[in-house]
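# Close look at the chain arrangement
Chain by chain, the residues run as shown.
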Amino acid sequence: MINELDKLLEVRKYFAYGPGYEVDNNDEDVYSYVREGLEEVEGDGLVLMISDGEAGEIISKRINSRQPNTTFYDYTGHVQGKIITDERGYGDFKVRKSENEGWSVWVPVIKK
C-alpha cells in the first residue's frame, strides 16, 4: 500500500503544473490552493484542500479549478466520489475535517 508521503510526491510529479492560485474563500477551517495545469498537457492541474479539526465531517467549498467541464477525483482517497466542474471551472470540492485525513488533492480524470 502506498503511503501518504508517496501520494504527495506522485501528485507533485504528475499533476502540479501551471500557474498557482490561492482560493478566495479560504478561512480558519479550510485552506485551498489551485494549480490550473498546462494547456498542452491533458490531465494535469489540481485542487489542494487542507482542513483542521477532529470531527470527521466533510466540508464543501465552491472553488474555481480553472478547468471547465472537467471531472476530478481525490487522489488521496480521503473523500470518495467525483466532482464535475461547470463551464467556468467551478465545482464543489470537498475535504474531511480530520487530523489524519484532513487533506485532499483533487486531480482530473484523464479522458481515454
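Before going further, it helps to examine the overall build of the protein. Of the regular secondary structure elements, the protein holds one helix and eight strands. Secondary structure of the protein in N-to-C order comes out as α-β-β-β-β-β-β-β-β. Expected size for 112 residues packed as a compact globule is a radius of gyration near 13 Å; at 13 Å, the protein falls within 12% of this value. C-alpha extents for the protein along the principal axes are approximately 40 × 30 × 25 Å. Residue burial in the protein is summarised as follows: out of 112 residues, 40% are buried. Carbon and sulfur atoms make up 49% of the accessible area of the protein, which totals about 6600 Å². Taking the average place of the 14 positive charges on the side chains of the protein and the average place of its 22 negative ones, the gap between the two points comes to 5 Å.

Along the chain, I50 falls in strand β3 (residues 46-51). Between the C-alpha atoms of I50 and S98, which are 48 residues apart in sequence, the distance is 9.5 Å. In this structure, I50 is in contact with D29, V30, Y31, G102 and W103, ignoring residues within four places of it in sequence.

Right, let's get into the layout of surface pockets. In this structure, the largest pocket occupies an estimated 250 Å³ of space. Taken together, 17 residues line the largest pocket, and the ones lying closest to its centre are E36, V41, D44, Q67 and T70. The class makeup of the residues in the lining of the largest pocket is six nonpolar, five polar and six charged.

Residues at a pLDDT of 70 or more form 96% of the protein, whose mean pLDDT is 92. Element-level mean pLDDT values for the protein span from 89 in helix α1 (residues 4-14) up to 98 in strand β6 (residues 82-84).

The next thing to look at is the environment of T76. The residue T76 is located in the loop between β5 (71-74) and β6 in this model. It is 7.7 Å that separates the C-alpha atoms of T76 and E4, two residues lying 72 residues apart in sequence. Among the polar contacts made by the side chain of T76, one reaches the main-chain amide nitrogen of H78 at a distance of 3.1 Å.

With that settled, consider the packing of aromatic side chains. Across all of its chains, the model carries four aromatic pairs by this definition. Judged by centre distance (5.3 Å) and plane angle (80°), the rings of F72 and F93 are edge-to-face. Here the residue F72 occupies a position in strand β5, and F93 occupies one in strand β7 (residues 90-96), the gap between them amounting to 21 residues. The exposure classification of F72 matches that of F93, with both residues buried. Between Y73 and Y75, the ring centres sit 6.3 Å apart and the planes meet at 45°, which makes this aromatic pair tilted. Judged by its relative accessible area of 22%, Y75 is partly exposed. Seen from the ring of Y17, R12 lies directly overhead, with NZ or CZ sitting 5.8 Å from the centre. Sitting above the plane of the Y21 ring, R66 keeps its charged end 3.5 Å from the centroid.

The rules we used
Residues numbered from 1 in each chain as written. Predicted model: local features only at pLDDT ≥ 70, side-chain atom pairs only at ≥ 80, totals over all residues. Heavy atoms only, no water. Helix = DSSP H or I, 4+ residues; strand = E, 2+ residues; numbered from the N terminus. Rg over C-alpha atoms; globule rule 2.2 N^0.38 Å. Buried < 20%, exposed > 50% of the residue type's maximum accessible area, 1.4 Å probe, protein only. Areas by Shrake-Rupley, 256 points an atom, 1.4 Å probe, with all protein chains shown as cover. Lys, Arg positive; Asp, Glu negative; His and termini not counted. Charge placed at Lys NZ, Arg CZ, Asp CG, Glu CD. Contact = heavy atoms within 4.5 Å. 1 Å grid on protein atoms, 1.4 Å probe; cavity = no way out; pocket = protein on both sides within 12 Å on 5 of 7 lines; lining within 4 Å. Points joined across faces, edges and corners; volume = space filled by probe spheres on them. Nonpolar A, V, L, I, M, F, W, Y, C, P; charged D, E, K, R; others polar. pLDDT = per-residue confidence, 0-100. Polar contact = N/O pair within 3.5 Å; in protein donor to acceptor, adjacent residues only side chain to side chain. Phe/Tyr/Trp six-rings, centres within 6.5 Å; stacked < 30°, edge-to-face > 60°. Lys NZ or Arg CZ within 6 Å of the ring centre and 35° of its normal.

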